[in-house]
Amino acid sequence: MRRTVNIWWVIAVIACVLVAFFCYSRQLSETIEELNNAVEAGNVRLAALQAENAELEATLKAAGTDAFVENQARNEYGYMMPDEIRFVITGSDAGDSSMPTEVPSP
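This text gives an overview of the structure that appears in the document. This is a predicted model, so every value here is computed, not measured.

### Regarding the packing of aromatic side chains
By convention here, two paired aromatic rings are described through the distance between centres and the angle between planes.
Item 1. If you walk through the whole model with that rule in mind, you get 2 aromatic pairs.
Item 2. Note on Phe21 and Phe22: the rings are 5.4 Å apart at their centroids and 65° apart in plane angle, and the pair reads as edge-to-face. Neither Phe21 nor Phe22 differs from the other in exposure class; each is exposed.

### Quick word on a nonpolar patch on the surface
Item 1. A contiguous nonpolar patch, built from Val5, Ile7, Trp8, Trp9, Val10, Ile11, Ile14, Leu18, Phe21 and Phe22 and spanning about 1,100 Å² of accessible area, is present on the exposed surface.
Item 2. In this fold, Leu18 is placed in helix 1 (residues 7-63).
Item 3. Residue Leu18 is classed as partly exposed on the basis of its relative accessible area, which comes to 43%.

### Considerations on helix 2 (residues 66-77)
Item 1. Taking 1.5 Å of rise per residue, the 12 residues of helix 2 would be expected to cover 16 Å, and the 16 Å separating its terminal C-alpha atoms lies within 8% of that figure.
Item 2. Phi turns positive, to about 75°, at Gly78, one or two residues after helix 2.

Rules and cut-offs
Residues numbered from 1 in each chain as written. Predicted model: local features only at pLDDT ≥ 70, side-chain atom pairs only at ≥ 80, totals over all residues. Heavy atoms only, no water. Phe/Tyr/Trp six-rings, centres within 6.5 Å; stacked < 30°, edge-to-face > 60°. Buried < 20%, exposed > 50% of the residue type's maximum accessible area, 1.4 Å probe, protein only. Patch = residues over 30% accessible without salt bridge, like charges linked within 9 Å, V, L, I, M, F, W, Y side chains within 5 Å. Areas by Shrake-Rupley, 256 points an atom, 1.4 Å probe, with all protein chains shown as cover. Salt bridge = Lys/Arg side-chain N within 4 Å of Asp/Glu carboxyl O. Helix = DSSP H or I, 4+ residues; strand = E, 2+ residues; numbered from the N terminus. Expected span 1.5 Å × (residues − 1).

Below, the structure written as structure tokens:
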């Protein structure tokens with residue numbers, strides 16, 4: 001005996017499968033977009049860190065030189081060479097007087 005299946009049940013099942021497929025596909029597309037944004041942000045951060053690393057390596061290479069040590073002593077600690085005279089300009093027109101002005105003696 002042959003049994004017939006109502007075509008509407010087959011269409012309803014196929015429609016449900018298609019709806020589920022498209023919902024899952026949309027969810028996957030959103031997840032992929034979020035991951036692409038995270039990768040983009042990571043690449044920007046990586047480029048910034050690589051630039052900072054290059055700057056630090058350049059500072060590290062220069063740190064062993066006498067010019068670097070002298071510059072740090074002058075700027076950070078206010079040291080000066082024995083034959084130099086320090087002039088400190090005070091007053092309202094002097095601008096930023098927190099760092100003394102150094103002029104070599106003649």
